[in-house]
Amino acid sequence: MAFRFGAALRLAAALLILCGVSAARADDQAPQPQPAATASPTPSGQKGGAGRGAAAAPSPTAEQHRLPPDATTRHSLALPGRTLNFTATAGSIRLFDDKGEPQADIAYTSYQLDGADRESRPVTFFFNGGPGASSAWLQFGTAGPWRVSITGEGAVSSATPDLLPNAETWLDFTDLVFIDPVGTGYSRFVATGEDVRKRFYSVDGDVSAVALVIRRWLEKYDRLQSPKFVTGESYGGIRGPKVVRNLQTQQGVGVRGLILVSPLFDYRDFSGSSVLQYMYTLPSMAAVARETRAEGKAPVTRADLADVERYAQGEFLTDLVKGQADSEVATRLADRVASLTGIDQAVSRRLGGRFEIGEFRREFDRRNGRVTGRYDASVSGYDPYPDSSYSHFGDPSGDSLTAPLTSAAVDLTTRKLNWRPDGSYHLLSEAVSRAWDFGRGPAESVSQLRQILALDPKMKLLVGHGLFDLATPYFASKVMLDNLPAYARSDRVKLVVYPGGHMFYSRDAARQAFRAEVEQVMK
């Protein structure tokens with residue numbers, strides 16, 4: 001979750017700073033499972049690459065900021081039709097620069113099924129987006145052994161964040177490792193100064209760090225022989241293909257499949273004056289209008305939007321390119337968009353049928369003083385300033401989840417997993433988002449996606465989206481995937497779209513269906 005288009009508008013003009021991270025923390029040996037609620041010992045070892053010799057004594061500053069030793073606990077989870085016995089570890093992996101100086105402690109939470117064959121048992125690595133988001137959404141929303149309700153009564157800031165057994169956990173068919181990049185969750189810098197932040201808070205530096213953490217975890221737990229999968233959400237569409245490419249070519253780690261949840265692959269079409277952004281968002285806007293009109297009937301599906309998709313790629317796009325110089329074309333376009341979206345015709349004509357996301361969210365139900373969500377535009381809330389000529393509203397489909405998800409993450413980590421870091425848990429860090437360096441131009445991962453699929457003909461890609469997501473609209477991914485070369489348009493690549501928003505897995509039917517798709521990828 002937590003992809004932010006605003007970040008694209010603050011793209012830095014500086015060159016991308018390559019990450020200097022090159023090795024992991026000293027404790028590369030896997031801790032032995034301990035009885036429930038018992039912290040595991042911190043094993044000793046070497047830091048850095050082969051031949052570095054004994055590790056230098058950590059600096060006082062690094063020790064001051066160090067996360068506590070890993071905690072390993074055992075659990076038994078009763079689910080419909082089965083019981084899962086597994087070992088959970090909450091801990092961290094320390095990253096060093098090429099001089100052997102400690103840079104950051106990266107927190108992770110892993111779940112490994114007891115009694116499984118490590119060589120044949122898949123392991124999946126998860127991260128969310130932002131930049132600046134922890135992995136809590138994927139852990140508590142869809143894949144982890146415990147789930148938090150983030151829809152209906154659960155999607156309220158004051159809701160009690162009960163940790164419920166997750167009948168749709170992926171732990172049945174894969175071990176799970178949730179990674180929080182530095183600055184998110186409990187992950188933190190142990191080095192001081194701006195240089196280290198600049199390295200990690202950049203597209204390439206972030207990719208290098210996450211890929212290295214994955215490799216070190218595999219080494220630490222003797223899982224290099226296991227089938228490996230990577231799952232990313234939102235900005236994870238940028239991070240994911242790049243991380244897999246780094247694993248393939250820099251870390252020497254092969255990946256069987258990439259699973260992307262509500263991804264964005266290319267910032268370029270959502271910045272500046274590109275008319276493609278209007279084509280990408282129109283089907284989702286129309287879906288919101290049709291869902292509203294349905295009034296509790298069967299949910300709108302992608303099949304119900306076939307006419308909108310054809311129009312978006314056909315006459316709509318052609319009329320957009322013609323521009324507003326032709327008044328007849330401009331009026332035709334604006335009126336058709338008004339009809340599809342439910343926006344007042346006069347408003348649509350004034351805006352030329354070109355709705356920015358914020359404009360649609362406010363105009364859709366402005367007469368009732370409500371605004372739609374950005375992550376899920378089928379969700380609406382009150383506009384705090386309905387009479388203002390300026391927009392002063394947040395996201396009713398996302399902002400209310402901050403409190404329950406943060407509380408759930410802290411409760412799980414400290415009470416169930418017995419890992420008690422000092423400092424605060426950061427579900428979504430505005431500081432990371434503001435500091436992010438996108439490099440010379442808008443980030444994109446389509447290049448790396450083509451490369452990783454071309455390099456490994458057995459690798460699979462699964463992309464899941466929600467119909468009502470305006471943050472990362474499904475139609476953008478559809479068009480991008482349709483334009484991949486023939487080698488990537490077989491049974492190796494699949495797009496699935498469900499009724500729902502950015503976190504479509506908050507809906508029971510979508511979560512169940514997506515889990516089944518993921519399991520097929522891993523068979």
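Before reading further, recall that the structure is shown in the block above.
Quick notes on the overall build of the protein
Part 1 of the argument: In terms of regular secondary structure, the protein is built from 16 helices and 16 strands.
Part 2 of the argument: In the protein, buried positions account for 59% of the 523 residues.
Part 3 of the argument: Long-range contacts, defined as pairs at least 24 residues apart, comprise 74% of the intrachain contacts of the protein with a sequence gap of at least 6.
Part 4 of the argument: A total of about 20,500 Å² of accessible surface is found on the protein, and carbon and sulfur atoms cover 48% of it.

Digging into empty space enclosed by the protein
Unfilled space is identified by rolling a water-sized probe across the atoms.
Part 1 of the argument: Under the counting rule described, the total for this entry stands at 4 cavities of 30 Å³ or more.
Part 2 of the argument: Approximately 130 Å³ is the volume attributed to the largest cavity.
Part 3 of the argument: Elements with a contribution of two residues or more to the lining of the largest cavity: strand S5 (102-113), helix H3 (136-143), strand S9 (175-180) and helix H12 (402-416).
Part 4 of the argument: In terms of residue class, the lining of the largest cavity is made up of 9 nonpolar, 4 polar and 1 charged.
Part 5 of the argument: Quantified by volume, the second largest cavity comes out at close to 50 Å³.
Part 6 of the argument: Taken together, Ile106, Pro181, Val182, Phe200, Asp206, Ala209, Val210 and Val213 make up the full set of residues lining the second largest cavity.
Part 7 of the argument: When residues of the lining of the second largest cavity are assigned to their parent elements, the largest contribution, 4 residues, is made by helix H5 (residues 203-220).
Part 8 of the argument: Taken together, the residues of the lining of the second largest cavity break down into 7 nonpolar, no polar and 1 charged.

Some details on helix H14 (residues 446-455)
Part 1 of the argument: By the burial criterion, the buried members of H14 are Val446, Gln448, Leu449, Ile452 and Leu453. Within H14, the buried residues cover an arc of 160° as seen down the axis, which keeps them to one side.
Part 2 of the argument: Close packing links the buried residues of H14 with helix H6 (236-251), strand S12 (257-261), strand S15 (460-466), helix H15 (474-482) and strand S16 (493-498).

Some words on the pairing of S16
Part 1 of the argument: In this structure, S15 lies alongside S16, joined through 6 bridges in parallel fashion. In the sheet register, His465 faces S16, and the bridge partner there is Val497.
Part 2 of the argument: Handedness of the β-α-β unit built from S15, H15 and S16 comes out right-handed.

Topic: H15
Part 1 of the argument: Within H15, 8 of the 9 residues are buried, which leaves the element mostly enclosed by the surrounding structure.
Part 2 of the argument: Of all the residues in H15, the buried ones are Tyr474, Phe475, Ala476, Ser477, Lys478, Val479, Met480 and Leu481.
Part 3 of the argument: Packed against the buried residues of H15 are helix H7 (276-294), helix H8 (306-322), H14, S15 and S16.

Topic: the pattern of salt bridges
Two side chains with opposite charge may pair up if their charged atoms get near one another.
Part 1 of the argument: Applying the stated rule across the entire model yields 25 salt bridges.
Part 2 of the argument: Among the ionic pairs, Asp319 bridges to Arg332, the shortest N-O distance being 2.8 Å. You can see Asp319 sitting in helix H8 and its partner Arg332 sitting in helix H9 (residues 327-341), a full 13 residues away along the chain.
Part 3 of the argument: Overall, Asp319 belongs to the buried group, its relative accessible area being 2%.
Part 4 of the argument: Relative accessible area serves as the criterion here: at 37%, Arg332 is assigned to the partly exposed category.
Part 5 of the argument: When salt bridges with common partners are traced through the structure, they connect Arg82, Asp172, Arg515 and Glu519 into a single cluster.

As for the nonpolar core
Part 1 of the argument: Grouped together as the largest cluster of nonpolar side chains are 92 residues, with contacts concentrated most on Phe200, Ile214, Trp217, Leu258, Phe316, Leu449 and Leu461.
Part 2 of the argument: Of all hydrophobic cores here, the second largest spans 52 residues; its members include Leu77, Leu79, Trp170 and Ala471.

A closer look at the packing of H3 against H12
Part 1 of the argument: The geometry of H3 relative to H12 is characterised by a closest axis approach of 10 Å and an angle of 90° between their N-to-C directions. By the angle between their axes, H3 is roughly perpendicular relative to H12. Of H12, the residues touching H3 (which contributes Trp137, Gln139 and Phe140) are Leu405, Ala408, Ala409 and Leu412.
Part 2 of the argument: Among the residues forming the contact of H3 with H12, the class breakdown is 6 nonpolar, 1 polar and no charged.

Things to note about the pairing of S12
Part 1 of the argument: Burial runs high along S12: 5 of the 5 residues are buried.
Part 2 of the argument: Burial of S12 is two-sided: the residues Gly257, Ile259 and Val261 facing one way and the residues Leu258 and Leu260 facing the other way are all buried.
Part 3 of the argument: Bridge count for strand S11 (residues 228-233) against S12 is 5 bridges, and the pairing is parallel. By the bridge assignment for S12, Val230 is matched with Leu258.
Part 4 of the argument: Handedness of the β-α-β unit built from S11, H6 and S12 comes out right-handed.
Part 5 of the argument: The pairing of S12 with S15 spans 5 bridges and is parallel. Paired with Leu260 across the strands is Val463, a residue of S15.

A short note on the environment of Arg366
Part 1 of the argument: Turning to its location among the elements, Arg366 is positioned in the loop between helix H11 (357-363) and strand S13 (370-372).
Part 2 of the argument: As a C-alpha pair, Arg366 and Ile343 span 23 residues in sequence and 9.5 Å in three-dimensional space.
Part 3 of the argument: Dropping the residues within four chain positions of it, Arg366 is found in contact with Pro386 and Ser388.

Observations concerning the packing of aromatic side chains
Part 1 of the argument: Taken as a whole and judged by the stated rule, the model has 26 aromatic pairs.
Part 2 of the argument: Relative to Phe504, the ring of Tyr498 has its centre 5.4 Å away and its plane inclined at 35°; by these criteria the two rings are tilted. For the pair Tyr498 and Phe504, one class covers both residues: buried.
Part 3 of the argument: Where Tyr498 meets Phe514, the ring centres are 6.3 Å apart and the plane angle is 85°; that geometry is what we call edge-to-face. Here Tyr498 is found in strand S16, whereas its partner Phe514 is found in helix H16 (residues 508-522), with 16 residues between them in sequence. There is no split in this pair, since Tyr498 and Phe514 are both buried.

Regarding the environment of Val230
Part 1 of the argument: Within the element layout of this structure, Val230 appears in strand S11.
Part 2 of the argument: C-alpha separation for the pair Val230 and Arg256, spaced 26 residues apart in sequence, amounts to 8.5 Å.
Part 3 of the argument: Contact partners of Val230, with chain neighbours within four places excluded, come to Phe125, Phe127, Ile214, Val244, Leu247, Val255, Gly257, Leu258 and Ile259.

Cut-offs applied
Residues numbered from 1 in each chain as written. Predicted model: local features only at pLDDT ≥ 70, side-chain atom pairs only at ≥ 80, totals over all residues. Heavy atoms only, no water. Helix = DSSP H or I, 4+ residues; strand = E, 2+ residues; numbered from the N terminus. Buried < 20%, exposed > 50% of the residue type's maximum accessible area, 1.4 Å probe, protein only. Contact = heavy atoms within 4.5 Å. Areas by Shrake-Rupley, 256 points an atom, 1.4 Å probe, with all protein chains shown as cover. 1 Å grid on protein atoms, 1.4 Å probe; cavity = no way out; pocket = protein on both sides within 12 Å on 5 of 7 lines; lining within 4 Å. Points joined across faces, edges and corners; volume = space filled by probe spheres on them. Nonpolar A, V, L, I, M, F, W, Y, C, P; charged D, E, K, R; others polar. Arc of directions from axis to C-beta. Pairing = 2+ DSSP bridges. Right-handed = clockwise from strand over helix to strand, strands pointing away. Salt bridge = Lys/Arg side-chain N within 4 Å of Asp/Glu carboxyl O. Core = buried A, V, L, I, M, F, W, Y, C linked by side-chain atoms within 4.5 Å. Axes fitted to C-alpha atoms, helices over the stretch in contact; angles between N-to-C directions. Parallel < 35°, antiparallel > 145°, perpendicular 65-115°, else oblique. Phe/Tyr/Trp six-rings, centres within 6.5 Å; stacked < 30°, edge-to-face > 60°.

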